[in-house]
2 protein chains.
Amino acid sequence: MDTRDALVRCGMEILTEKSFASTGIEDILKCLNVPKGSFYHYFDSKEAFGCAVIDSYAAYFARKLDRLLLDPSCSPLQRVANFIADACQGMERHHFQRGCLIGNLGQEMNSLPEAFRVKLEAAFLDWQDRLAACLRLARSAGELTEAADCEQLSVYFWIAWEGAVLRAKLIRDSSPLLIFARGYFSGLPYAPGHSGLIVPLS
Amino acid sequence: MDTRDALVRCGMEILTEKSFASTGIEDILKCLNVPKGSFYHYFDSKEAFGCAVIDSYAAYFARKLDRLLLDPSCSPLQRVANFIADACQGMERHHFQRGCLIGNLGQEMNSLPEAFRVKLEAAFLDWQDRLAACLRLARSAGELTEAADCEQLSVYFWIAWEGAVLRAKLIRDSSPLLIFARGYFSGLPYAPGHSGLIVPLS
């Protein structure tokens, strides 16, 4: 891994944990033990670095979504449940210190360079597209009713999801993710005859 | 209004807009034109000030909730819809610069004094209690089914709500609040015979 990649990776880890404002370039350098000149060799500014970190996180998360939402071994709705279970395990593994980098920066947007805004929203729109595709598969597979508006259901998912991650971090417990999962799944427009009994997490 | 109240009020306005980390005591002083000594006369530290601001915001928001959720002129579920409409107007009025102070600080919690955590969660729990009471009224009034778990529905509301406010701020548009409202209301367990056609906002 070259130094630029290592810096971006370190930035991803730090910015899932704390705010951009409270993160200094020194914090990034410290975790890699590289000199300041090295940072400025790769990035013109903290803003340019932030942009690279957002891009990298968005790409990482899209890969994670593809892995889970395109999994042919289970039904489309089960894949959505699996995403939630995976995120739950991820947050537990990091003791609820890490949330969603896009949500973190989105919350902080008023204090951030305007260039971040478009990138953050683009990440949400990309995740929405991926989830909407999965929900359309659920509709085709007879899990959701034919009238299900998969795009709206996907937008709603990500809106509520970010609130759940925020709250899980705050109370350092995965129960908000579970409550979100139950609330979202219990409100889905299941096809007639579908049990609707996908419980993402127990 | 005395100086302490004015300082807290100013802190509430600033912290609904930007992060605690990026807010200096100077920003507070600037908006009131008082000297630094005056700030330290009332507050031992920025942390003590932050605690006072959280308490004051939580009390302000609880009063707002009571005004809307105890309104005898409309049905309990309509009151919930009215809360969303009110928040929508509030965000528009401030050009989506202001979000939820509790959500903002909750997101930033990893970088904040630990004393904030309990206060932030206490505010959510208080709002949950108030909304759950309103949902129980909706159940008694025959809007929700008798099996409705009003406590869970309330917890779910606030989890998802914070995500909606975050996203509305990010894209500077109220559509995330509308999508949340439609998603939440369409997933409610309406009593048999209830049309379920409460649309909070058009």
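You'll find the structure just up there.
Please read all numbers here as calculations on a predicted model, not as lab measurements.

> I'd like a description of the overall build of chain A, backed by residues and values.
Regarding its fold elements, chain A presents nine helices and zero strands. Element order for chain A, N to C, with α for helix and β for strand: α-α-α-α-α-α-α-α-α. For a compact globule of 202 residues, the expected C-alpha radius of gyration is about 17 Å, and chain A comes in at 18 Å, within 12% of that figure. For chain A, the proportion of contacts with a sequence separation of at least 24, taken over those separated by at least 6, is 68%. Taken as a whole, chain A presents about 8,400 Å² of accessible surface, with 52% of it coming from carbon and sulfur. If you average the places of the 21 positive and of the 24 negative side-chain charges in chain A, the two averages end up 4 Å apart.

> For the relation of the copies chain B and chain A, give the residues involved together with the corresponding values.
These two copies of the chain differ by a rotation about an axis and a displacement along the same axis. Superposing chain B onto chain A takes a rotation of 180 degrees combined with a translation of 0.0 Å along the rotation axis, leaving an RMSD of 0.0 Å. In symmetry terms, the pair is related by a two-fold rotation axis. Most of the interface of chain B is mirrored in chain A: 100% of its interface residues are interface residues there too.

> So what's going on with the packing of helix H4 (residues 46-69) of chain A against helix H7 (residues 115-140) of chain A? Which residues, and what values?
Residue and element names in this part refer to chain A. Axis separation between H4 and H7 bottoms out at 10 Å; the angle between their running directions is 5 degrees. In terms of axis orientation, H4 runs roughly parallel to H7. Touching Glu47, Gly50, Cys51, Ile54, Asp55, Tyr57, Ala58, Phe61, Ala62, Leu65, Asp66 and Leu69 of H4 are Ala115, Phe116, Lys119, Leu120, Ala123, Asp126, Trp127, Arg130, Leu131 and Cys134, all from H7. In terms of residue class, the contact of H4 with H7 is built from 15 nonpolar, one polar and six charged.

> Account for the packing of aromatic side chains, naming residues and giving values.
Summed over the entire model, instances satisfying the criterion amount to 49 aromatic pairs over all chains. Between the aromatic rings of Phe124 of chain A and Trp127 of chain A, the centroid separation amounts to 5.6 Å while the plane-to-plane angle is 85 degrees, which identifies the pairing as edge-to-face. Residue Phe124 of chain A and its partner Trp127 of chain A are located together in helix H7, separated by three residues, close to a single helical turn. Accessibility classification places Phe124 of chain A together with Trp127 of chain A in one group, the buried group. Here the aromatic rings of Phe157 of chain B and Trp161 of chain B are separated by 6.0 Å at their centres, their planes lie at 10 degrees, and the arrangement is stacked. One end of the pair is Phe157 of chain B and the other is Trp161 of chain B, both in helix H8 (residues 150-171) and four residues apart, which spans about a single turn. A single burial state applies to Phe157 of chain B and to Trp161 of chain B, both of which are buried. Above the ring of Phe20 of chain A, the side-chain terminus of Lys46 of chain A is found at 4.3 Å from the ring centroid.

> Describe in detail the state of the cysteines, supporting the description with residues and values.
This model, assessed by the stated rule, comprises two disulfides over all chains. Each disulfide pairs two cysteine sulfurs, and for Cys10 of chain A the partner residue is Cys31 of chain A, the sulfurs being separated by 1.9 Å. Taken together, the residues Cys10 of chain A in helix H1 (residues 3-17) and Cys31 of chain A in helix H2 (residues 25-32) connect sequence positions 21 residues apart. Looking at Cys10 of chain A, the relative accessible area reads 4%, which means it is buried. There is no disulfide at Cys88 of chain B, and the cysteine sulfur nearest it, in Cys100 of chain B, is 15 Å away. As a non-bridged cysteine, Cys150 of chain B has Cys134 of chain B as the owner of its nearest cysteine sulfur, 9.5 Å distant. Overall, Cys150 of chain B belongs to the buried group, its relative accessible area being 0%.

Conventions and cut-offs
Chains are numbered independently. Their residues run from 1 in the order of the written sequence. Chain letters start at A and ligand numbers start at 1, both assigned in the order the entries are written. The predicted nature of this model means local features are confined to residues of pLDDT at least 70 and side-chain atom pairs, given and counted, to a pLDDT of 80 or more, with totals for whole chains, interfaces and linings taken over all residues. Values shown for side chains rest on all heavy atoms present in the structure; no hydrogens or waters enter the calculation. Helix numbering and strand numbering both begin at the N terminus, where a helix is a DSSP run of H or I of at least 4 residues and a strand a DSSP run of E of at least 2. In this treatment the radius of gyration is a C-alpha quantity, and the globule benchmark scales as 2.2 Å times the residue count to the 0.38 power. In this description, contact between two residues means that some pair of their heavy atoms is separated by no more than 4.5 Å. With residues, only the protein chains shown are counted as cover, and all accessible areas are computed by Shrake-Rupley using a 1.4 Å probe. Here the positive residues are Lys and Arg and the negative ones are Asp and Glu; neither His nor the chain ends is included. Taken as the charge centre is NZ of Lys, CZ of Arg, CG of Asp or CD of Glu, depending on the residue. Least-squares fitting of one copy onto the other uses the C-alpha atoms of those residues that reach a pLDDT of at least 70 in both copies. Angles shown run from 0 to 180 degrees and are taken between the N-to-C directions of axes, each axis being a line fitted to C-alpha atoms and, for helices, limited to the stretch in contact. Roughly parallel means an angle under 35 degrees; roughly antiparallel means over 145; roughly perpendicular covers 65 to 115; every other angle is labelled oblique. Note that Gly is not counted as nonpolar here; it falls among the polar residues with everything else outside the nonpolar set of Ala, Val, Leu, Ile, Met, Phe, Trp, Tyr, Cys and Pro and the charged set of Asp, Glu, Lys and Arg. Think of it this way: a Phe, Tyr or Trp ring, Trp meaning its six-membered ring, pairs with another when their centres are within 6.5 Å, and the plane angle makes it stacked under 30 degrees, edge-to-face over 60, tilted otherwise. Only protein chains enter the accessibility calculation, which uses a 1.4 Å probe; a residue is then buried when its area is under 20% of its type maximum, exposed when over 50%, and partly exposed in between. We call a charge positioned above a ring when the Lys NZ or Arg CZ atom is no farther than 6 Å from the ring centre and deviates by at most 35 degrees from the ring normal. Any cysteine sulfur atom paired with another within 2.5 Å is treated as part of a disulfide.

Function cannot be read off these values alone, since they describe shape.
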